[in-house]
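Below are the chains, spelled out letter by letter.
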Amino acid sequence: MALQPAVTDLEMLKDRPALACLLSGMPGAIQSAKFDRDELTIWVTQIHLLEALNLLRTATYAVLADLTAVDWFPSEPRFEVVYSLLSHQLRDRIRVKVQVSGADPYVESVTGLWAGASPFEREVFDLFGIRFQGHPDLRRILLPDEWEGHPLRKDYPVEGYR
Amino acid sequence: MPSIDQFRSVPVVETIGGDRTMVLNMGPQHPSTHGVLRLLLEIDGETIVRIRPDIGFLHTGIEKTCEAKFYQQVIPMTDRIDYLCPMTNNFAYVLAVEKLLGLEVPPRALWIRLMLNELTRINSHLVWLGTHAMDIGAMTVFLYCFREREEILKMFEMVAGQRMMTSYFRVGGVSMDLPLGFLDYIKNFAAYFPDRIEQYSDLLTNNPIWIGRTKGVALITRNDALELMLSGPTARGSGVDWDLRRDMPYGGYEKLDFKVPVATGGDVFARYQVRMEELRESISMVKQAIANLPDGAYKADAPKIVLPDREKMKTQMESLIHHFKIVTEGFTVPEGEVYQGVESPRGEMGYYVVSDGTAKPYRVHMRSPSFANLNAIGVMCEHNLLADVVAAIGSIDIVLGDVDR
């Protein structure tokens, strides 16, 4: 299976169920999309994140499989929060991403849509320092409360501060 | 009724332990928390009002460490995440990297991986069954389970030289071929193991004490299971008919013939039924893999990615160069990102690997099943008795290395 070049043209991807759903429901939310290595990634705008995720959830992508973040330091917007959604009916997995600025990193919490996202958001908050607005209990989860810094940020040294 | 609203309400730290209730600390050194899990139990008499898990005692920053290693150096670390199913972790990671590279593995490697992955599932389920039964008071089962587990660990030692941290899978195949006599050993095991499952089942399934401790205990509904992001046997015990091996096959599972056991009880007993049935399915899959195992190469022919044979390295200049390059500089992986989910014994184990085109991963994220499944504990135990908490923890089959990473 040789690698195919990534497809980023929305026109060519519009028949993918997840994109079709977003394009008909709220086209304004889509920033861009990419189909690479059999996986579809959709970037949505920060203000439309919750609505877009809710739309996908009430369509068939009802399962939130994973929630994490990536730090692209030093470029800006610095962070990407990554939601991996799963549809049991379509047997399809998509990735929804939202870009977050490094100066004031926050996104809306999805705990209202999936209660189970709570520890995942706490983990991202703990290790990346991205705040989730509307999260009922945003505290550190893996590290001690008094820990300084957020280890998974790229400007945090691998061996820690000594 | 158990409710998941507790995840949406503002907790607790202030309100905990009001007039009626008291807070009991359980763990982190408690024998039935299966590791270093600390639970804050708010109790009213013997009834659980609320549970708050406190985790992080085993956090070692594996995700951060991965970013400083070559792609092939990450494999030993994946063993240490979920230490009861090292091969499943290896499997998920190498599949993700192979997907990034567009690399295909030869059939022999594929079948070896499937065989060992299912053996790993049996290994993990045996530990679960033994410790779970012991928590509830059935001491004997533990001894029998560990007798069989020992055989599996011996097999791991035969193929990988290690009993627990096997690091046997490689990007492009496995690290070495199966040793002489291994197939006879595993055939012998596969012949008698189904009877042993019946033995365990005889000890428990109709045992009135076992039924009393498990039936109707720690209930969770199908909808709650989905919303709390549960997966694996924990979700299948609540009627979620979903198994990545069958529904989104990876690594050759489409070639195997197996059923996905589902139970609808939603209680500890239902999860027990699912896992017992999975043991039977897994040993049948191991048998299928033995029958299908072809001869041939055990690693892909990709000299820039896969280490050369020892003999070639000492006789051919090119192989020596490739070997030197891979060991000192690693191999580069084209830019991109993949998420590879596999069905670990506990649920969906997902590896999200981002490559920036260098020889080290830009980001490795492990979506560990125990981390998500731990969500269930609060909902399961609400309004249950204090003594049932250990049954609930055992039925989730939690591994703290997997939770904390």
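Keep in mind that this is a model prediction, so the values were computed, not measured.

A.B. asks: I'd like a description of the overall build of chain B, backed by residues and values.
C.D. replies: The secondary structure content of chain B amounts to 17 helices and eight strands. For chain B, the C-alpha radius of gyration of 22 Å lies close to 22 Å, the compact-globule estimate for 405 residues. Relative to its 405 residues, chain B shows a buried fraction of 52%. Across chain B, contacts joining residues at least 24 apart in sequence account for 71% of those joining residues at least 6 apart.

A.B. asks: Give a description of the overall build of chain A that names residues and reports values.
C.D. replies: The helix and strand tally for chain A stands at four helices and seven strands. The globule rule puts the C-alpha radius of gyration for 162 residues at 15 Å, and the 16 Å found for chain A is close to it. With the principal axes as the frame, chain A shows a C-alpha extent of 50 × 35 × 30 Å. Burial analysis of chain A (162 residues in total) assigns 38% to the buried set.

A.B. asks: I'd like to hear about the interface of chain B and chain A, residue by residue, with values.
C.D. replies: Every contact between the two is made by 41 residues of chain B and, on the other side, 34 residues of chain A. Among the elements of the structure, helix H1 (62-66), helix H3 (86-101), helix H8 (222-227), strand E6 (336-344), strand E7 (347-355), strand E8 (363-367) and helix H14 (369-373) of chain B are those that each provide at least two residues to the side of chain B that touches chain A.

A.B. asks: Explain unusual backbone geometry residue by residue, including any values.
C.D. replies: A cis geometry characterises the amide bond from Phe73(A) onward to Pro74(A), with omega recorded as 5 degrees. Within the element layout of this structure, Pro74(A) appears in the loop between strand E3 (63-71) and strand E4 (79-87). Going from Glu76(A) to Pro77(A), the amide bond is cis rather than trans, its omega being -5 degrees. On the secondary structure map, Pro77(A) appears in the loop between E3 and E4. If you check the backbone angles, Asp397(B) has positive phi at about 60 degrees while not being a glycine.

A.B. asks: Give me the lowdown on helix H13 (residues 317-329) of chain B, citing residues and values where you can.
C.D. replies: With 13 residues, H13(B) should cover 18 Å at 1.5 Å per step; its first-to-last C-alpha distance of 18 Å lies within 8% of that length. Just downstream of H13(B), Gly330(B) is the residue with a positive phi angle, here 75 degrees.

A.B. asks: I'd love a proper account of the sheet that holds E7(B), names of residues and values included.
C.D. replies: Residues and elements named next belong to chain B. Strand order in the open sheet formed by three strands is E6-E7-E8, and the pairing between neighbours is antiparallel. Among the strands making up the open sheet, the edge pair consists of E6 and E8. Mean inter-strand twist for the sheet, computed between neighbouring axes without regard to direction, equals 10 degrees.

A.B. asks: With reference to specific residues and values, describe the nonpolar core.
C.D. replies: Membership of the largest hydrophobic core comes to 158 residues, with the highest contact counts inside it found for Leu85(A), Val97(B) and Ala392(B). Here this core gets 15 residues from one element, more than from any other, and that element is helix H4 (residues 107-136) of chain B. Counting only domains with at least three residues in this core, you end up with domain 1 (5-54) and domain 2 (62-404) of chain B. Look past the residues within four positions of Leu85(A) in its chain and what remains in contact with it is Leu56(A), Tyr61(A), Val63(A), Leu64(A), Ala65(A), Ile94(A) and Val96(A).

A.B. asks: Break down the environment of Thr45(A) for me, with residues and values.
C.D. replies: Residue and element names in this part refer to chain A. Note that Thr45 resides in the loop between strand E2 (39-44) and helix H3 (49-58). In this structure, the C-alpha to C-alpha distance between Thr45 and Lys97, residues 52 residues apart in sequence, is 8.7 Å. Excluding residues that lie within four positions of it along the chain, Thr45 makes contacts with Ala29 and Gln31.

A.B. asks: Before we move on, can you summarise the domain arrangement of chain B with the specific residues and values?
C.D. replies: All names here are of chain B. Taken domain by domain, chain B holds domain 1 (5-54) and domain 2 (62-404). If you average the C-alpha positions of domain 1 and of domain 2, the two centres end up 31 Å apart. Facing 15 residues of domain 1, the contacting portion of domain 2 comprises 17 residues. Counting only elements with at least two residues in the side of domain 1 that touches domain 2, the list comes to strand E2 (38-44) and strand E3 (47-54).

A.B. asks: Explain the confidence of the model for chain B to me, and be specific about the residues and the numbers.
C.D. replies: Caution is warranted with low-pLDDT regions, since their predicted coordinates should not be read in detail. For chain B, per-residue confidence averages 87 on the pLDDT scale, and residues scoring 70 or more make up 95% of the total. This stretch, residues 8-14 of chain B, has a pLDDT under 50; its non-local contacts, to residues over four places away or in other chains, come to ten contacts.

A.B. asks: Let's hear about the packing of helix H6 (residues 182-204) of chain B against helix H11 (residues 268-292) of chain B: which residues, and what values?
C.D. replies: Residues and elements named next belong to chain B. The N-to-C vectors of H6 and H11 enclose an angle of 160 degrees; their axes lie 10 Å apart at closest approach. Between H6 and H11, the crossing angle belongs to the class labelled roughly antiparallel. H11 is crossed by H6, and the crossing has left-handed handedness. Contact residues: H6 offers Leu183, Ile186, Lys187, Ala190, Phe193, Pro194, Ile197 and Ser201, while H11 offers Met276, Leu279, Arg280, Ile283, Val286, Lys287 and Ile290.

A.B. asks: Residues and numbers for helix H4 (residues 117-128) of chain A, please.
C.D. replies: The terminal C-alpha atoms of H4(A), which comprises twelve residues, lie 16 Å apart, in line with the 16 Å expected from a rise of 1.5 Å per residue. Where burial is concerned, most of H4(A) is hidden: eleven out of the twelve residues are buried. All buried positions along H4(A) are accounted for by Ala117(A), Ser118(A), Pro119(A), Phe120(A), Glu121(A), Glu123(A), Val124(A), Phe125(A), Asp126(A), Leu127(A) and Phe128(A). At its buried positions, H4(A) is contacted by E3, E4 and strand E7 (131-133) of chain A together with H14 of chain B.

A.B. asks: An account of the sheet that holds strand E1 (residues 30-36) of chain A is requested, with residue identities and associated values reported.
C.D. replies: Residues and elements named next belong to chain A. Across the sheet, which stays open at both edges, the five strands sit in the order E1-E2-E5-E4-E3 with mixed pairing between neighbours. The two strands at the open ends of the sheet, each matched to only one other strand, are E1 and E3. Each adjacent strand pair in this sheet contributes to an overall mean axis angle of 20 degrees, direction not counted. Note that E4 and strand E5 (residues 92-100) share nine bridges and pair antiparallel. When the bridges of E5 are listed, Val82 appears paired with Lys97.

Calculation notes
- Residues numbered from 1 in each chain as written.
- Chains lettered and ligands numbered in written order.
- Predicted model: local features only at pLDDT ≥ 70, side-chain atom pairs only at ≥ 80, totals over all residues.
- Helix = DSSP H or I, 4+ residues; strand = E, 2+ residues; numbered from the N terminus.
- Rg over C-alpha atoms; globule rule 2.2 N^0.38 Å.
- Buried ≥ 20, exposed ≤ 12 C-beta atoms within 10 Å, placed from the backbone.
- Contact = placed C-beta atoms within 7 Å.
- Expected span 1.5 Å × (residues − 1).
- Pairing = 2+ DSSP bridges.
- Axes fitted to C-alpha atoms, helices over the stretch in contact; angles between N-to-C directions.
- Core = buried A, V, L, I, M, F, W, Y, C linked by C-beta atoms within 7 Å.
- Domains from an automatic or database assignment.
- pLDDT = per-residue confidence, 0-100.
- Parallel < 35°, antiparallel > 145°, perpendicular 65-115°, else oblique.
- Left-handed = near helix turned anticlockwise from the far one by under 90°.

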